[in-house]
Structure formats: structure tokens, C-alpha cells
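Residue-level listing of the chains:
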Amino acid sequence: MTAVDVKFTVNGNEHVLSVEPHERLVDVLRGRLGLTGTKMGCGEGECGACTVIMDGRAVLSCLTLAVQAQGSDLLTIEGLAADGPEAGLHPLQKAFISEAAIQCGYCTPGMILTAKTLLDRDPEPTPGAVKESIIGNLCRCTGYDKPVKAILAAAAEMRAAARDAAATATGAERGES
Ligand code: FES
Ligand code: FES
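Since the model is a prediction, treat every value here as computed from it, not as a measurement.

Caption draft 1: Seen up close, the overall build of the protein. Along the backbone of the protein there are five helices and five strands. The secondary structure elements of the protein, listed N-terminal to C-terminal, are β-β-α-β-β-β-α-α-α-α. Viewed in the frame of its principal axes, the protein has a C-alpha envelope of about 65 × 40 × 20 Å. Here the protein, with 177 residues, has 37% of them falling under the buried criterion.

So this is what it looks like as C-alpha cells:
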């Protein structure tokens, strides 16, 4: 088969790669770009371990061909923590640590990225909405209670940060110091 050139952005870095038409995105991310934070579990769309965010949507990279990522903007777990002056773990990553929601950790990158897409569209999810959102992310270790608590804690933290930022911006507009 003839290789195809694909161009996409991963965690803010642009890549142009020659891929085989049958190459899976998970293999390109892990094997060719060294982004092994994306986990390979079932390979059949059942476990969610391979979840990445493509153009704002959580996708299973084991069921996505690399050619389907043409022109897209991808986020893997490696790109979630902020760089530069805002450096630090994402609130979801911090909450998974503080709530002890990680055991073996194999499901964690996919679960956190799935949760990010939930919080991006619903900053104040109910516990039921959180549970529903991670229904495709299988975890053999935690029993799900702690990940759900962690996602709710991260949501609360992000709402508080947004309120603080809005208050600071309003104060700045009024010329308060
Ligand atoms: S490895 Fe992709 S869903 Fe299990
Ligand atoms: S922490 Fe082990 S599979 Fe979820």
C-alpha cells in the first residue's frame, strides 16, 4: 500500500508524517512520536485506555486511523499540564492525585482526557453526568468512586479559579489594585 502524508498538531506541535493507510493513531502517537502516555489496552474500542482529544472530542485512538487525523488538533495526556508561566498540572491531574484516584494508572490518561471534554462542555456536572461520561473508560482497580470524586473536585476547583479570574478582571477594569 502507498504511504500517505498526514499533517496534524499534537500538544501544540505540528507534525508531518508519512503513514500507511492502515496505521492506527495510537501506534503513531506511541511508536513514532514517543507519546506513551496514551495507553494501548484492548485495541478494540472497549476499554477507553487509548482515549485522546481530537478537535475537542474524546476519540479512541485504537479505532482511529492516523490518516483520519489529517489537519486535526490533538491533545494527549502529555500536553495537558501547562508550560511556561502557568506551569503546573491540570486541576484534573491534581485532583486524581489528591483523591487517590490512581492505582495502576493504566486507565488514568484516557479517563482524565474524557473528563476534560466533559468539563469543557459542562463546568458543573452532576455526579450522574460524571459517571455517564466515563462509562467507556474501564478501570479494574479503583471501583470508580474515587475518579468520580476527583472529577467533581476538579470541576469545583476550575469554577473557583474562573470566578477568581473574573473578579480580578473586573477589579482591573475598575482600576482597583
Ligand atoms: S485500547 Fe482503545 S478502546 Fe481499548
Ligand atoms: S487505576 Fe488501574 S485500571 Fe484504573
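Caption draft 2: Focus on the domain arrangement of the protein. Along its sequence, the protein is carved into domain 1 (1–79) and domain 2 (86–177). With 16 residues of domain 1 at the interface, the matching set in domain 2 holds 13 residues. Contributing elements (two or more residues each) for the side of domain 1 that touches domain 2: strand E3 (51–54) and strand E4 (57–60). Among the residues forming the side of domain 1 that touches domain 2, the class breakdown is eight nonpolar, six polar and two charged.

Caption draft 3: Region of interest: the pairing of E4. The pairing of E3 with E4 spans four bridges and is antiparallel. The residue of E4 that forms the bridge with Met54 is Arg57. Adjacent in sequence and paired antiparallel, E3 and E4 are bridged by two residues, among which Asp55 carries a positive phi angle near 50°.

Caption draft 4: Quick look at the packing of helix H3 (residues 108–121) against helix H5 (residues 145–173). Closest axis-to-axis distance for the H3/H5 pair is 11 Å, and the angle between their directions is 40°. Judged by the angle between their axes, H3 and H5 are oblique. At the point where H3 passes H5, the crossing takes the right-handed sense. Between H3 and H5, the contacting residues are Met111, Ala115 and Leu119 on the first element and Pro147, Ile151, Ala154, Ala155 and Met158 on the second. For the contact of H3 with H5, the residue count by class is eight nonpolar, no polar and no charged.

Caption draft 5: Just the sheet that holds E4, in detail. Across the sheet, which stays open at both edges, the five strands sit in the order E2-E1-E5-E3-E4 with mixed pairing between neighbours. Every other strand in the sheet has two partners, leaving strand E2 (13–19) and E4 as the edge strands with one partner each. On average, each strand axis in the sheet is tilted by 40° relative to the strand beside it, whichever way the strands run. Strand contacts of H3: E3, E4 and strand E5 (73–75), with the helix running at about 35° to E3, the strand carrying the most contacts.

Caption draft 6: Main features of the packing of helix H2 (residues 91–98) against H3. Contact geometry for H2 and H3: axes closest at 10 Å, N-to-C directions at 130°. Relative to H3, the element H2 is oriented oblique. Considering the relative orientation of H2 and H3, their crossing is right-handed. Along the contact surface, H2 presents Leu92, Gln93 and Phe96, while H3 presents Thr108, Ile112, Ala115 and Lys116.

Caption draft 7: Molecular detail of H2. By the burial criterion, the buried members of H2 are Pro91, Leu92, Gln93, Ala95 and Phe96. For H2, the secondary structure elements touched by its buried residues are H3 and H5. Looking one or two residues past H2, Ala100 carries a phi angle of roughly 55°, positive in sign.

Caption draft 8: Structural context of the pairing of strand E1 (residues 4–10). Relative to E2, E1 is paired through seven bridges, and the arrangement is antiparallel. Across the sheet, the residue bridging to Thr9 is Glu14, located in E2. In this structure, the hairpin formed by E1 and E2 is closed by a connection of two residues, where Asn11 is found at a positive phi of approximately 50°. Sheet topology note: the E1/E5 ladder contains two bridges and is parallel. Paired with Thr9 across the two strands is Asp73, which belongs to E5.

The rules behind the values
Residues numbered from 1 in each chain as written. Chains lettered and ligands numbered in written order. Predicted model: local features only at pLDDT ≥ 70, side-chain atom pairs only at ≥ 80, totals over all residues. Helix = DSSP H or I, 4+ residues; strand = E, 2+ residues; numbered from the N terminus. Buried ≥ 20, exposed ≤ 12 C-beta atoms within 10 Å, placed from the backbone. Domains from an automatic or database assignment. Contact = placed C-beta atoms within 7 Å. Nonpolar A, V, L, I, M, F, W, Y, C, P; charged D, E, K, R; others polar. Pairing = 2+ DSSP bridges. Axes fitted to C-alpha atoms, helices over the stretch in contact; angles between N-to-C directions. Parallel < 35°, antiparallel > 145°, perpendicular 65-115°, else oblique. Left-handed = near helix turned anticlockwise from the far one by under 90°.

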